[in-house]
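Analysis of the macromolecular model
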Amino acid sequence: MIFLFVSPGVIISSDIVIKCKAAVLWGLKQPFSIEEVEVAPPKACEVRIKILATGICRTDEHAISGAMTTKFPVIVGHEATGVVESIGEGVTSVKPGDKVIPLFLPQCGKCSSCINPNGNLCVKADVTGKGVLSDGTTRFTCKGKPVYHFMNTSTFSEYTVVDESSVTKIDANAPPEKVCLIGCGFSTGYGAAMKTAKVTPGSTCAVFGLGGVGLSVIMGCKSAGASRIIGIDLNKSKFEKAKAVGATECISPKDYTKPISEVLSEMTDNSVGYTFEVVGRLETMIDALASCHLSYGTSVVVGAPPSSKMLTYDPMLLFTGRTWKGCVFGGWKSKDDVPKLVSDFLAKKFDLDQLITHVLHFKDINEGFELLSQGKSIRSVILM
Ligand code: PAD
Ligand code: ZN
Ligand code: ZN
């Protein structure tokens, strides 16, 4: 047995099984059940993390609803801050006691996406919902049954185990209950504007969907110097927050009979340079594409597409000159860029408070998902 002494009186063991609480989903469309789970020690090149705070993202709900393929039972959650409890053999980039953010999009540093300066979809990402770590097994057990991982992270647990490529060290002074949003929602939206679309100063942007990710797109458009940012949502209660983070005006498609692309064109004298789909629906993906300028516009798909769904579109939309892009995690290279984003937050380059509408105790996790489904929350943060 290996014991690592991190500070007087604290012993960390890298080969004991930890018993702790986790929110287990036993099946599709079921509520979370807080269970005692066993978390196996990290194997070679793995890291066991004590989770401190974790946000609730729509992508977690996609797993519950079946919009995203997932194996059950599963521990979801992917937007968190934690502290390294122990490390497996060969781990060099983090050590016990380090404050970290788990990365649902890994960065192995070796695959073709990681090597290319413009790529970030690392080959180690669990895009098909395998739910296991690199060796094909899980580190979670509940009532004698293996429990699957989710997007390499599984943060709705007091402890989790991730591959070394799925965790990055952050500034020890970062407040965990805020910077957890850098683990997904904030970085995804902010990067979609700053890094993927590369919004230019003075431009006009339109953002479809004003949840936590959409509001972060608005923050990115504003930072990039856009002069007009139009927020679009069916739920008008989202407008006030959208304006507070930088939207110059907000509209609801429900208020118009004509296509939203025509509405936006008329509002802006046909000058929408950038559009962002941040809902995750095929119809809004086409609406967003059609809404950017036919010749020089760029549209970015940020919302997660529903599994096994295809869409048809008029190729004339692209033939005329539009650019259609997508991005996972805002296009950031996770292990390199997340610590920099945390430093930017500490340097007050952006504000995360505006995105956090609720702070909940872990036992109230079902309430957090209820708030999301009722459209009452932007981000709920769970304290473990
Ligand atoms: P959210 O549910 O908080 O926000 C979605 C918003 O869209 C809500 O305000 C809805 O009212 C609004 N909406 C629903 N239907 C429409 C419509 N037809 N027209 C306009 N607005 C509508 O979700 P979120 O902000 O947490 O996530 C948004 C999407 O981004 C979701 O699909 C999620 O899975 C995806 C996502 N992608 C990545 C990535 O890496 N690409 C990361 C994180 C989240
Ligand atoms: Zn997310
Ligand atoms: Zn890689």
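Because the structure is a prediction, the values reported are computed rather than measured.

Close to ligand 1 lie 30 residues; Arg58, Thr59, Asp233, Val302 and Phe329 are nearest. Gly212 has a polar backbone atom sitting 3.2 Å from an oxygen atom of ligand 1. The backbone of Ala304 places a nitrogen or oxygen atom 3.1 Å from an oxygen atom of ligand 1. Protein contacts shield 89% of the accessible area of ligand 1, which totals 870 Å² for the unbound molecule.

A separate point is the sheet that holds strand 8 (residues 140–142). Read from one edge of the open sheet, four strands run 3-4-8-9, paired in antiparallel fashion. What marks the edges here is a single partner per strand, and that holds for strand 3 (18–24) and strand 9 (145–147). Averaged over neighbouring strand pairs, the angle between their axes works out to 45° when direction is ignored. In the sheet, strand 3 pairs with strand 4 (residues 33–39) via seven bridges, with the strands oriented antiparallel. Opposite Lys19, over in strand 4, you have Glu38 as the bridge partner.

In spatial order, the strands read 14-13-12-15-16-17; together these six strands make up an open sheet with parallel pairing. One side of each edge strand has no neighbouring strand; the edge strands of this open sheet are strand 14 (249–251) and strand 17 (323–326). Across the sheet, the mean angle separating the axes of adjacent strands is 20° when strand polarity is ignored. Across the sheet, helix 7 (residues 260–268) lies against strand 12 (204–208), strand 13 (228–232), strand 14 and strand 15 (272–277), angled at about 155° from strand 13, the strand it touches most. Sheet strands touched by helix 8 (residues 282–291): strand 12, strand 15, strand 16 (298–301) and strand 17. Its angle to strand 15, the strand with the most contacts, is close to 170°.

Another point: the packing of helix 4 (residues 185–197) against helix 5 (residues 212–223). Relative orientation of the contacting elements helix 4 and helix 5 amounts to 40°, with a least axis distance of 7 Å. One finds that helix 4 runs oblique with respect to helix 5. Regarding helix 4 and helix 5, the two cross each other, and that crossing is right-handed. Contacts between helix 4 and helix 5 involve Gly185, Phe186, Thr188, Gly189, Tyr190, Ala192, Ala193 and Met194 from the former and Gly212, Val213, Ser216, Val217, Met219, Gly220, Cys221 and Ser223 from the latter. Considering only residue class, the contact of helix 4 with helix 5 consists of nine nonpolar, seven polar and no charged.

Let us now look at the coordination of the zinc ion (ligand 3). Only Cys108 (SG), Cys111 (SG), Cys114 (SG) and Cys122 (SG) from the protein reach the zinc ion (ligand 3) as donors, at distances of 2.3 to 2.4 Å. Taken together, the four donor atoms surrounding the zinc ion (ligand 3) define angles of 102 to 117° at the centre, an arrangement classified as tetrahedral. Each donor residue of the zinc ion (ligand 3) lies on the same chain, and together they follow the pattern C-x2-C-x2-C-x7-C. Neither Cys114 nor Cys122 differs from the other in exposure class; each is buried.

One recurring pattern in soluble globular proteins is that nonpolar side chains are buried together. Phe156, Ile182, Val199 and Phe276 are the most contacted members of the largest nonpolar core, which totals 84 residues. Per-element accounting of this core gives the leading share, six residues, to helix 5. When near neighbours in sequence (up to four residues on either side) are disregarded, Val199 contacts Ala193, Cys205, Cys221, Ala224, Ala226, Tyr274 and Phe276. Val47, Ile51, Val94 and Val100 belong to the second largest nonpolar core, which has eleven residues in total.

Protein coordination at the zinc ion (ligand 2): the donors are Cys57 (SG), His78 (NE2) and Cys184 (SG), at 2.0 to 2.3 Å from the metal. Sequence spacing of the donors to the zinc ion (ligand 2): C-x20-H-x105-C. Here His78, found in the loop between helix 1 (58–65) and strand 6 (79–87), pairs with Cys184, found in the loop between helix 3 (176–179) and helix 4; they are 106 residues apart in sequence, far enough to count as distant. This pair shows no difference in class: His78 is buried, exactly as Cys184 is.

Looking at the protein, pLDDT values average 95 and 96% of them are 70 or higher. Ignoring residues within four places in sequence, the model shows residues 1–12, a span with pLDDT below 50, making 21 contacts including any to other chains.

Looking now at helix 8. Inspection of helix 8 places Leu282, Thr284, Met285, Ala288, Leu289 and Ser291 among the buried residues, and these make up the whole buried set. In the core, the buried residues of helix 8 are packed alongside strand 12, helix 7, strand 15, strand 16, helix 9 (316–319) and strand 17.

What follows is about the state of the cysteines. Two cysteines whose sulfur atoms are joined by a covalent bond form what is called a disulfide. Counted under the stated rule, the structure contains zero disulfides. For Cys20, which is in no disulfide, the shortest distance to another cysteine sulfur is to Cys142 and amounts to 10 Å. Look at Cys20 and you get buried, because its relative accessible area is 5%. Cys250 takes part in no disulfide bond, and the closest cysteine sulfur, belonging to Cys221, lies 12 Å away. Judged by its relative accessible area of 14%, Cys250 falls in the buried class.

Rules and cut-offs
Once a new chain begins, its residue numbering starts again from 1 and follows that chain's sequence as written. Think of it this way: whatever chain is written first is A, whatever ligand is written first is 1, and the rest follow in order. Note on the predicted model: pLDDT of at least 70 is required for a residue's local features to be given, and 80 or more for side-chain atom pairs to be given and counted; whole-chain, interface and lining totals, by contrast, use all residues. To get the side-chain values, all heavy atoms of the structure are used, and hydrogens and water are removed first. Near, as used in this document, describes a residue that has one of its heavy atoms within 4 Å of the molecule or strand being considered. Pairing of N or O atoms within 3.5 Å defines a polar contact, subject to two protein rules: one partner must be a possible hydrogen donor and the other a possible acceptor, and residues neighboring in sequence count only if both atoms are side-chain atoms. Accessibility throughout is a Shrake-Rupley quantity obtained with a 1.4 Å probe, and a residue counts as covered only by protein chains that appear here. We call two strands paired when DSSP finds no fewer than two bridges between them. Helix numbering and strand numbering both begin at the N terminus, where a helix is a DSSP run of H or I of at least 4 residues and a strand a DSSP run of E of at least 2. All axes are obtained by fitting lines to C-alpha atoms, using only the stretch in contact for helices, and the reported angles, taken between N-to-C directions, cover 0 to 180 degrees. By definition in these notes, contact holds between two residues if any of their heavy atoms fall within 4.5 Å. If an angle is under 35 degrees, it is roughly parallel; if it is over 145, roughly antiparallel; if it lies from 65 to 115, roughly perpendicular; otherwise it is oblique. Two helices crossing with the near one rotated counterclockwise from the far one by less than a right angle form a left-handed crossing, whereas a clockwise rotation gives a right-handed crossing. Ten residue types, Ala, Val, Leu, Ile, Met, Phe, Trp, Tyr, Cys and Pro, are classed as nonpolar, four, Asp, Glu, Lys and Arg, as charged, and the remainder, Gly among them, as polar. Listed donors are limited to N, O and S atoms within 2.8 Å of the metal, widened to 3.2 Å for Na, K and Ca; water is not among them, so incomplete-looking sites are possible. A site with four donors is called tetrahedral when every donor-metal-donor angle falls between 85 and 135 degrees; four donors are called square planar, and six octahedral, when opposite donors sit more than 155 degrees apart and all other angles fall between 65 and 115; any other arrangement is irregular. Remark: exposure states derive from per-residue accessible area (1.4 Å probe, protein chains only) relative to the maximum for the residue type, with buried under 20%, exposed over 50%, and partly exposed in between. By nonpolar core is meant a set of buried Ala, Val, Leu, Ile, Met, Phe, Trp, Tyr and Cys residues that side-chain atoms within 4.5 Å join together. What pLDDT reports is the predictor's confidence in each residue, on a scale of 0 through 100. Any pair of cysteine sulfurs within 2.5 Å is marked as a disulfide.

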